[in-house]
Amino acid sequence: MAVDSLGVTGVLFNDRRRFYLDENTFSELYMSETPFLSGLMNVGSEATDDPDYKMFEYRATWANPYLTVDSTAAWGATPAVPGTDSGVITVSSGNGIPISGGLVGALVDIWVDSTNPTSAYTQYKGTAVITTVPSATTLTLKVISNPNVTNQAAAAIVNGDKLWLRTSAAVEGAESGEAFSNDLQVVWNSTQIVRTPLEMTGTLASANLRGEKERQRQRINKGREHMMKLERAIFNGVRTGGIGGEHYGTGAGSDSNFVSHQTLTAGGTQLRTTMGVIPALIRYGRRTGDQQNVFFNTASSYSFNDFVDQTDKLAQYAPGGGEFVAYCGSEAYSLWSKITSDLSFASGQIQIENTTSELGLHVKKVFAPSGIVLNIVRAPALNYGQLKTHMVVVNPENAKLVSYRSNIGEAPGGSYSAVTYNTNIKTDNGYDGVKDEYVSDVGVGLTMMESHALMVFS
């Protein structure tokens, strides 16, 4: 007598058996986190009425004022003791300082360029006062003193020396001096159109499937795909002509003129792209000097001394509260777990706290000796390829999301949403199907590039 069994063929196997633990749920493998975009959206995007937008910047020249000597000049007497006048010295502005009558009375320390003082302090040549400014490129000095030598004489001034403006002093009974100021600077960027469609036949859209209705499943999945596109745009987008600034922050190859976009057709159709924070730092960040904010490190030899020096430079432009947000690729993120056991980071030298942000993100708070805090967050958009070694340090006061076109939809509080979802966008000729689309026209507003940083751990 035959005994019935589940079998591997027939109606019982193909149609009647329930193979699913839960036929209405499924697992997905995707990267859902977009911490940079979420952080910018959390404070609301700023609406613009033009897809190419400009922003003002102001750099206070009084923070680091100096002039560069462009020619060798002799003092009027030897030795150049206090009261000795100089010949006319040709100079150039090193930090936006206007060379005008407003400099009369300024006290300057004269130093050999780019050298740190030794025990003999011979790189310091003396202090002088600017007495006249004959032209926009020349001035005269009178020696005040050189405390480092017996007779207080100033050393010879040569091409390349630096005149560091320390303070100013007015003579008795003098009238008020000439006022001077420097103007605002302008930077720019553009919004970028990002579109993510989903489409299926009407039959599929109406089918009652296991694992969720297909239109709903795709709507969720395509929404996450769209958000990741936006995240990668504000991290990695590149704009033709840049966004204004100086290549490597040094004045060479300045992007001082607004450049339009790539033209794709003879009719003038343009492709607008936004400039993301990583390409902006690669182009405008400084790689050396006191204002360095782009650091290329070797992960295996990264030391506490490196950490102290680099975060000290970041601290010059700390936001209110002193907290930066540092978005990391997978390897850069892991580094901050490894260094606490590294001999080069001795016990007690670095403090790291694990917390959870308001957006539910895991955050490592790294406290630097300079007083700043790095809120380190894993950014899935940076997890693969060359970007996995990157840590993008953002000053939240100088980065914002910008949205163009009011039909993107206004969010609560008056700020514009960065994403709109359009349904049934394809209806011509009795189309038997469904096509929806996520659309964004957004960019990132980046100002004061020296207040952000890029740290790479190869």
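Just so it is clear, the structure is predicted and the values come from calculations on it, not from any experiment.

Chemist: So what exactly am I meant to see when it comes to unusual backbone geometry here?
Modeler: Excluding glycine, residues mostly have negative phi values, and the peptide bonds linking residues are mostly trans. Cis rather than trans, the peptide bond between Thr78 and Pro79 has omega equal to 0 degrees. Among the secondary structure elements, Pro79 is positioned in the loop between strand S3 (66-69) and strand S4 (89-93). Even without glycine at this site, Gln152 takes up a positive phi of about 65 degrees. By relative accessible area, Gln152 is classed as partly exposed at 36%.

Chemist: Would you mind going over the pattern of salt bridges with me for this structure?
Modeler: Think of it this way: side chains of opposite charge can pair up when their charged atoms draw near. Counting across every chain of the model gives 15 salt bridges. A salt bridge links Arg283 to Asp255, with the nearest nitrogen and oxygen atoms 2.5 Å apart. One end of the pair, Arg283, is in helix H5 (residues 277-284); the other, Asp255, is in strand S12 (residues 252-255), with 28 residues separating them in the sequence. Note on Arg283: relative accessible area 27%, which makes it partly exposed. Given a relative accessible area of 11%, Asp255 falls into the buried group. Note that Glu331 and Lys388 form a salt bridge whose closest N and O atoms lie 3.4 Å from each other. A residue pair is termed long-range when its members are at least 10 positions apart, and Glu331 in helix H7 (residues 330-338) and Lys388 in the loop between strand S19 (373-378) and strand S20 (390-394) qualify at 57 residues.

Chemist: Would you take a moment to explain the nonpolar core for this structure?
Modeler: The biggest cluster of nonpolar side chains holds 42 residues, and the ones touching the most others in it are Phe36, Phe235, Val277, Val392 and Leu446. Listed by contribution, the elements that provide at least two residues to this core are helix H2 (35-42), strand S10 (192-201), helix H4 (214-236), H5, S20, strand S21 (399-404), strand S23 (433-446) and strand S24 (453-457). Excluding anything up to four places from it in sequence, Phe36 contacts Glu231, Ile234, Phe235, Val277, Tyr327 and Val394. The next biggest cluster of nonpolar side chains, apart from the first, holds 24 residues, and it includes Phe304, Ile372, Ala453 and Met455.

Chemist: So what exactly am I meant to see when it comes to the sheet that holds S3 here?
Modeler: Picture the strands of a sheet paired through backbone hydrogen bonds; they go either parallel or antiparallel. Judged by pairing direction, the barrel is antiparallel, and its 6 strands sit side by side in the order S3-S4-S7-S6-S5-S8 before closing back on the first. Geometrically, the sheet is characterised by an average inter-axis angle of 45 degrees between neighbouring strands, direction not taken into account. As paired elements, S3 and S4 share 3 bridges and run antiparallel to each other. By the bridge assignment for S4, Thr68 is matched with Ser92.

Chemist: Sorry, what's going on with the confidence of the model for the chain here?
Modeler: In low-pLDDT segments, the atomic positions of the prediction should not be examined closely. Overall, the prediction assigns the chain a mean pLDDT of 84, with 85% of residues at 70 or greater. Under a pLDDT of 50 for its full length, residues 25-31 has, in the predicted model, 12 contacts with residues more than four places off or in other chains. The low-confidence segment residues 409-416 (pLDDT under 50) makes 12 contacts with residues lying over four places distant or belonging to another chain.

Chemist: Would you mind going over the environment of Thr240 with me for this structure?
Modeler: Take Thr240: it is sitting in the loop between H4 and strand S11 (245-247). Sequence separation between Thr240 and Thr274 is 34 residues; the distance between their C-alpha atoms is 8.9 Å. The contacts of Thr240, once residues within four sequence positions are left out, are Val259, Ser260, Gln262 and Thr273.

Chemist: Teacher, can you tell me more about the packing of aromatic side chains here?
Modeler: For any pair of aromatic rings, the description consists of the separation of the ring centres together with the inter-plane angle of the planes. One pass over the structure, following the stated rule, counts 12 aromatic pairs. Each ring, one from Phe307 and one from Trp336, has its centre 5.8 Å from the other, and the planes form 65 degrees; the classification is edge-to-face. Taken together, the residues Phe307 in helix H6 (residues 304-314) and Trp336 in helix H7 connect sequence positions 29 residues apart. On the accessibility criterion, Trp336 (1% relative accessible area) is buried. Within the aromatic cluster, the residues linked to one another by ring pairs are Tyr302, Phe304, Phe307, Trp336 and Phe457.

Chemist: Please clarify how the sheet that holds strand S16 (residues 323-328) should be interpreted in this entry.
Modeler: Spatially, 7 strands are ordered S15-S24-S20-S16-S19-S18-S17 in an open sheet, and the strand pairing comes out mixed. Lying at the two open borders of the sheet, with one neighbouring strand each, are strand S15 (294-297) and strand S17 (351-356). Each neighbouring strand pair of the sheet contributes to a mean axis angle of 20 degrees, computed without reference to strand direction. Relative to S24, S15 runs parallel, the two being bridged by 4 bridges. Within S24, the residue paired with Phe295 across the bridge is Met455. Running at roughly 165 degrees to S15, H6 makes contact with S15, S16, strand S18 (362-367), S19, S20 and S24 of the sheet.

Criteria and thresholds
- Residues numbered from 1 in each chain as written.
- Predicted model: local features only at pLDDT ≥ 70, side-chain atom pairs only at ≥ 80, totals over all residues.
- Heavy atoms only, no water.
- Helix = DSSP H or I, 4+ residues; strand = E, 2+ residues; numbered from the N terminus.
- Buried < 20%, exposed > 50% of the residue type's maximum accessible area, 1.4 Å probe, protein only.
- Salt bridge = Lys/Arg side-chain N within 4 Å of Asp/Glu carboxyl O.
- Core = buried A, V, L, I, M, F, W, Y, C linked by side-chain atoms within 4.5 Å.
- Contact = heavy atoms within 4.5 Å.
- Pairing = 2+ DSSP bridges.
- Axes fitted to C-alpha atoms, helices over the stretch in contact; angles between N-to-C directions.
- pLDDT = per-residue confidence, 0-100.
- Phe/Tyr/Trp six-rings, centres within 6.5 Å; stacked < 30°, edge-to-face > 60°.

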